[in-house]
There are 4 protein chains.
Amino acid sequence: MSANTFGHLFRFTTFGESHGPAIGCVVDGTPPGIALSESDIQVHMDKRRPGQNKYTTQRKESDTVKILSGVYDGVTTGTSIGLLVENEDTRSKDYDDIKDKYRPGHADYTYDQKYGFRDHRGGGRSSARETAMRVAAGAIARKILGDGVTIQGAIVCIGDIAINRDNWDWNEVGNNPFFSPDADSVQSFEKLLDQTRKDGSSVGAVIEVTASGAPAGLGAPIYAKLDADLAGALMGIPAVKGVEIGAGFEAARLAGEQNADEMRMDGDKVSFFSNNAGGILGGISTGQDIVACFAVKPTSSILKPKRTVDKAGKDTEIITKGRHDPCVGIRAVPIGEAMVACVLADHLLRHRAQCG
Amino acid sequence: MSANTFGHLFRFTTFGESHGPAIGCVVDGTPPGIALSESDIQVHMDKRRPGQNKYTTQRKESDTVKILSGVYDGVTTGTSIGLLVENEDTRSKDYDDIKDKYRPGHADYTYDQKYGFRDHRGGGRSSARETAMRVAAGAIARKILGDGVTIQGAIVCIGDIAINRDNWDWNEVGNNPFFSPDADSVQSFEKLLDQTRKDGSSVGAVIEVTASGAPAGLGAPIYAKLDADLAGALMGIPAVKGVEIGAGFEAARLAGEQNADEMRMDGDKVSFFSNNAGGILGGISTGQDIVACFAVKPTSSILKPKRTVDKAGKDTEIITKGRHDPCVGIRAVPIGEAMVACVLADHLLRHRAQCG
Amino acid sequence: MSANTFGHLFRFTTFGESHGPAIGCVVDGTPPGIALSESDIQVHMDKRRPGQNKYTTQRKESDTVKILSGVYDGVTTGTSIGLLVENEDTRSKDYDDIKDKYRPGHADYTYDQKYGFRDHRGGGRSSARETAMRVAAGAIARKILGDGVTIQGAIVCIGDIAINRDNWDWNEVGNNPFFSPDADSVQSFEKLLDQTRKDGSSVGAVIEVTASGAPAGLGAPIYAKLDADLAGALMGIPAVKGVEIGAGFEAARLAGEQNADEMRMDGDKVSFFSNNAGGILGGISTGQDIVACFAVKPTSSILKPKRTVDKAGKDTEIITKGRHDPCVGIRAVPIGEAMVACVLADHLLRHRAQCG
Amino acid sequence: MSANTFGHLFRFTTFGESHGPAIGCVVDGTPPGIALSESDIQVHMDKRRPGQNKYTTQRKESDTVKILSGVYDGVTTGTSIGLLVENEDTRSKDYDDIKDKYRPGHADYTYDQKYGFRDHRGGGRSSARETAMRVAAGAIARKILGDGVTIQGAIVCIGDIAINRDNWDWNEVGNNPFFSPDADSVQSFEKLLDQTRKDGSSVGAVIEVTASGAPAGLGAPIYAKLDADLAGALMGIPAVKGVEIGAGFEAARLAGEQNADEMRMDGDKVSFFSNNAGGILGGISTGQDIVACFAVKPTSSILKPKRTVDKAGKDTEIITKGRHDPCVGIRAVPIGEAMVACVLADHLLRHRAQCG
């Protein structure tokens, strides 16, 4: 219900603006007795952290996370976990220009329509800076899921350049600034982004997240479907415009006999011949890999001039300066992983509640 | 939270299985004083109702909805509205075959994994029969939104045949059994579905739903985004595998300057040059048309034999007889409209709560 | 959040008015595989059922409950359980008098203030008739709690006559029309109620509910306290004006050393010397009996004339005819039991979710 | 649902332990454009703040609240408000004694039963220190309710000494350390507490909170009753064992004609002759003063030795040293006010959502 809370049994509530003193969140529902330290969270924060290479925003934030509560003697107590990250490198005057102008593609116009005004500095609450707390919560979600569940994300397209899926190697994802699983794609992505930056433009991206090892039985029919919750979670990441589970839109083009994943016993376990379902049938996990894809639109903050209007209702033009990612989709990879982790942890607890 | 409740302030809770005595729902949060009769609901039920033409299941259900509470003297009282639809044409023995076999693509295996057993008759609770109540709730949601908001759905693809968008005419949608807005597509769709039925196969579809006239300001940043809620709502329709808002996956291939919808004043109103955003920026409606697309996989119940396993852990084959839609995507059109209506009505009340 | 839903993981949503065609509810969250039949529910419905003796309303309702979904082959499936009870004996014209007059002590004036109008027949939605569905849901809650947990309610006061606690015998509760655990009190209660009825007046009552056998650990600190949820549940029963846990208001008068329940080991189990806490410390159950008390005001529908106003804003007088309980507190006993059962079942699932 | 979140549309989520680095909360749902500063909150924090006189704990905390987000240019933005209070004066070694012993009347035993272990320092999460954040949230709730609604609390009993209601003067409440509205009671309270402290004992208290000026129509029938939500909110304050609305338990002893509050027109407004209902009928506010009472048990931390058991399952004795309030009920006055304010603000938004 709450506009700032995600999840049901495993849930987190965030606060903070791009240019305020700090951002933070409260994580609730974590089972007691789970080992948790700041460094368990920091390792994931560091993947999303800005300013690490020339393909992301040059804002310098250490994104150092502090645990303020809910952990005692190195383990979770079962009570709410307070997390805080101080903002270190705000340059609010970069945004003076946009105080009264609506940036196309941004939430400026809609905030004013909803609330009557807005904190324009760095986008205020609509800034993707908030996603740092999603990554923090996701790190705790992974702890709940345990070592048996692995959640990994990767870029599959940037702009109109797709990776070659035959080259997919999860080990490559950490070796390049694009989270690409295809080593051969890296040079093309570099070239594309260098040109994009030179043009003062931006590009979109498609990200795929896979969760391996999740048990069968997570999710529930009707309005607690795992795929519906994943879709909501991923579409809720800033700038996302599309979500697919398994074969996604391609499934609509398949014949029934092509799409349905056939089964066979493999020893005493059920084995599937394919995974068009993306690991989910009837809203419930099958035990196969859970596979979700999402599309991120190109960064709306660009140097090319765009027509827009201002608060006073006058036509005008805008150029968005400041320190922006030429492709916000890249840093969406760890965010997508975090959201998938949070949905799964929530459903693990929900399943345990009803089915013991 | 509840597995059988949809929505927050405008919300409904459904019950009922395919082969039980009845299905029903409780609709909650409706403002008082809104004119509402059974026929207001029935008109939408009739669009989804099975057995109306040879391209949908031949099960004969009148889907007659009864209002049991919450309406007095022809207007809503503000208390919960109980709705009931009796099941009239169940043929449970059609399903004896699948009692112990898992139909590929269906929720059979996952139900057993989650609950330990299942009501297999007609799919039990996982049957798309439950969606009748979504359409009923959607009819009430439309009443809340009022006449100024028009929500319409249409087929844009069946299998690999797409409509021609240049022919789009909303008036055509009611003139053909496919909810196609392109009169020229009808013959191709007929041919495709006749062949599909002959082959004992099935096909998928893509549906587009548009809401016109919704005010700017609906939705909220972070975890109450209108697009995230639409994505969850549409992905939660049975057999859906993908959801897009506005330009969707195509947005990822655009440059920033192509994607961002420029603005100009049109008298005292803001006008947009394009609608790649699908009417939503930062999770909040812009006042443009809200446009969402979703992909429905081909019907999993087909006559072609498929490899599967049974409850005892033995390999086997299955042919799914019974009365099935060759393309479940067709009847998903009114369901998609209903879900969009429910999300918007919910957000209208939520917006009013916070912003007055 | 919903105005018509109670509970979180174990939850139910009710609908129906006093003089509509039926009342019903949807029960959600029940674990799968629990044996459940209509008679399991009916036995509790029969305790609350009107018209069973001269001390309750003479409205004749069999309160026959039908299970419409969620049970297959005699056990719960884990999906939503639809329950329906048809109204059989409505006499709406009894209420013509109060269409435009506000009965003091009733929700008439407040409904009009909130909604602008109301269904006045039998109180509409505000009728205690709705509580039949609470009792039905409570019967399912008991099944979830299992045979190890016993929930029993009893009258401890009617008007200014209190039972003698030294005579407390749970076996007596079913032997008299007052749910009194003190056989000696029955004659006094009869006399009081006969006189009350003769006077066209009414009396209040205090009810105590005890849950034995509930495990330690239910509830949670801060905003999921078991005692807070019990207080909300019991105060939400129509006509309730006060709730106590354990020593209740008396605790405020005790010294710290009198109030705190001392502990000793009894074999390998912890034993308490007293139970001023009512089985709950810090919002979490101790394993002792959970004891809650609630006060029910006298029936507001009385034959004695009262001053009031009408819808048009004119001063007037009112006499409330119709078939009313002279003491609504009596039938509140099974309702109180049901609410306690529902709170405990909800917390059992919530505890299992977090603590496994 | 969440164990650490209170409220629905106006809601707050707290974190922090007695002896951690800080406590804090996130307040969500606040309408945009409301003037809010740290001093608006601090004034209420200061009423609850420890160490202000010899009748409360001597722990020295300035309880300085910082607003981290959600306020821009002095007004609320409509996004989540992050609040932080640093802990300044923790003396954890005071608690070494109780690491393995269960203090009777405290949550020690139940925490261990639920979670398997606990942060014992100062009670950890179960410490009443968390209530500072309730007071902070309550200050924001008051801003939402506006100047027309006045919420005031007062002590009505300490131990077995009751105030004289004939002397009630709201202006006196701030003039004495007991929040007593009866100037004549102060000396007796001083004497009682001096003796109690000397004895190493503690006493309970009863608090009454009144909300004046709240509009009619707040609350809703069935499961969103204003009185039920108030009961849950007040019973959820640490150490509370009983809650009454209006006449409370006394109502059970009245005859119907005594209890029902008669009405008369007073100009064009409805006027009531009495307020046994405590301003709430059928769960909905009448427009009269909303009056709620709650009983606080005596402080469980006392110097008198008590029998108890330890973690190892051995019998033992305990004396609770440290800096404790001899009557925790006194500082419960501003907490009770805050909870009432939060419930009313939540219901104001809920009412506006449904009824416009």
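In what follows, the structure referred to is the one given above.
Residues numbered from 1 in each chain as written. Chains lettered and ligands numbered in written order. Predicted model: local features only at pLDDT ≥ 70, side-chain atom pairs only at ≥ 80, totals over all residues. Heavy atoms only, no water.

A. Summary view of the relation of the copies chain C and chain D. Between the two copies, chain C and chain D, the superposition gives an RMSD of 0.0 Å; the rotation angle is 180 degrees and the shift along the axis is 0.0 Å. Look at the turn and shift together and you get a two-fold axis relating the two. Scanning chain C for the C-alpha nearest the rotation axis identifies G232 of chain C, at a separation of 2.2 Å. (Least-squares fit on C-alpha atoms with pLDDT ≥ 70 in both.)

B. Local environment of the packing of aromatic side chains. The tally for this structure, following the rule as stated, stands at 38 aromatic pairs over all chains. Taken together, a centroid distance of 4.9 Å and an interplanar angle of 45 degrees make the contact between Y55 of chain C and F178 of chain C tilted. Separated by 123 residues along the polypeptide, Y55 of chain C in the loop between α1 (38-48) and β4 (65-67) and F178 of chain C in the loop between β9 (161-162) and α4 (186-198) bring together distant segments of the chain. The class of F178 of chain C is buried, set by a relative accessible area of 0%. Taken together, a centroid distance of 5.9 Å and an interplanar angle of 70 degrees make the contact between F272 of chain C and Y109 of chain D edge-to-face. With F272 of chain C in strand β13 (residues 269-272) and Y109 of chain D in helix α2 (residues 108-115), the pair connects residues from two separate chains. Just as F272 of chain C is buried, Y109 of chain D falls in that class too. Feature note: the residues F6 and F12 of chain A together with Y223 of chain B constitute an aromatic cluster, connected by ring pairs. If you follow R307 of chain A out to its NZ or CZ, it ends over the ring of F273 of chain B, 3.8 Å from the centre. (Phe/Tyr/Trp six-rings, centres within 6.5 Å; stacked < 30°, edge-to-face > 60°. Helix = DSSP H or I, 4+ residues; strand = E, 2+ residues; numbered from the N terminus. Buried < 20%, exposed > 50% of the residue type's maximum accessible area, 1.4 Å probe, protein only. Lys NZ or Arg CZ within 6 Å of the ring centre and 35° of its normal.)

C. Spatial organisation of the sheet that holds strand β2 (residues 11-15) of chain D. Residue and element names in this part refer to chain D. Pairing is antiparallel across the open sheet formed by five strands, whose spatial order is β1-β2-β3-β7-β4. Pairing within the sheet leaves two strands with one partner each, and these edge strands are β1 (5-7) and β4 (65-67). Shown here is a sheet whose adjacent strand axes are inclined to one another by a mean of 20 degrees, direction ignored. Two elements, β4 and strand β7 (residues 81-86), share three bridges in a ladder whose sense is antiparallel. Paired with K66 across the bridge in β7 is L84. Contacting β2, β3 (22-28) and β7, helix α3 (residues 131-145) runs over the sheet at an angle of about 30 degrees to β3. (Pairing = 2+ DSSP bridges. Axes fitted to C-alpha atoms, helices over the stretch in contact; angles between N-to-C directions. Contact = heavy atoms within 4.5 Å.)

D. Geometry of the sheet that holds strand β9 (residues 161-162) of chain D. In spatial order, the strands read β9(C)-β8(C)-β10(C)-β16(C)-β11(C)-β11(D)-β16(D)-β10(D)-β8(D)-β9(D); together these 10 strands make up an open sheet with antiparallel pairing. What marks the edges here is a single partner per strand, and that holds for β9 of chain C together with β9 of chain D. Where strand β10 (residues 205-212) of chain C meets strand β16 (residues 290-296) of chain C, seven bridges bridge the pair, whose relative direction is antiparallel. Bridge pairing links T210 of chain C to V291 of chain C in β16 of chain C. Its contacts with the sheet place helix α7 (residues 328-355) of chain C against β8 (150-158), β10 and β16 of chain C, and it is angled at close to 150 degrees to β8 of chain C.

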